[in-house]
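Results of the structural survey
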Amino acid sequence: MPKPTPLKYLMFDASDDGQGYGSWEAMASVRAPQLTALQAEVQTVLAWAKANSPGPRGPLDDGGVWDADQHTQTDGDWTMVTLTLVGPWAWGEALLAQLVSDNA
């Protein structure tokens, strides 16, 4: 799989649980002209996560190995998108290595 275009809108903050799992949360607010590009970035992240799945997707408490949650909120002419991923630490760090530009 070729390396995807680096993310322009989503910026991730990572949190390690100390037991080999982590969570990565990204948030971006854009106006209408940038919304399609932001939604494409979310789909790129989710496609990479699925293609490189470390196991079944679902809540960790229900036997899932990784999961993702997306929220979209509109306030006036701004739309905020929040994307949260949870899963094995090495998997999430590999995701960021593939999708986050070193020049960001």
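Residues numbered from 1 in each chain as written. Predicted model: local features only at pLDDT ≥ 70, side-chain atom pairs only at ≥ 80, totals over all residues. Heavy atoms only, no water.

1. A closer look at the overall build of the chain
- A count of helical and extended segments in the chain gives two helices and four strands.
- For the chain, the N- to C-terminal ordering of α and β elements is β-β-α-β-β-α.
- Relative to the globule expectation of 13 Å for 104 residues, the C-alpha radius of gyration of the chain, 14 Å, shows essentially globular dimensions.
- C-alpha extents for the chain along the principal axes are approximately 40 × 30 × 20 Å.
- In the chain, which comprises 104 residues, the share counted as buried stands at 34%.
- Within the chain, contacts between residues separated by at least 24 positions form 59% of all contacts whose residues are at least 6 apart in sequence.
- Accessible surface computed for the chain: about 6,400 Å², of which carbon and sulfur atoms make up 50%.
- Positive and negative charge centroids in the chain, built from 5 and 13 side chains respectively, lie 12 Å apart. (Helix = DSSP H or I, 4+ residues; strand = E, 2+ residues; numbered from the N terminus. Rg over C-alpha atoms; globule rule 2.2 N^0.38 Å. Buried < 20%, exposed > 50% of the residue type's maximum accessible area, 1.4 Å probe, protein only. Contact = heavy atoms within 4.5 Å. Areas by Shrake-Rupley, 256 points an atom, 1.4 Å probe, with all protein chains shown as cover. Lys, Arg positive; Asp, Glu negative; His and termini not counted. Charge placed at Lys NZ, Arg CZ, Asp CG, Glu CD.)

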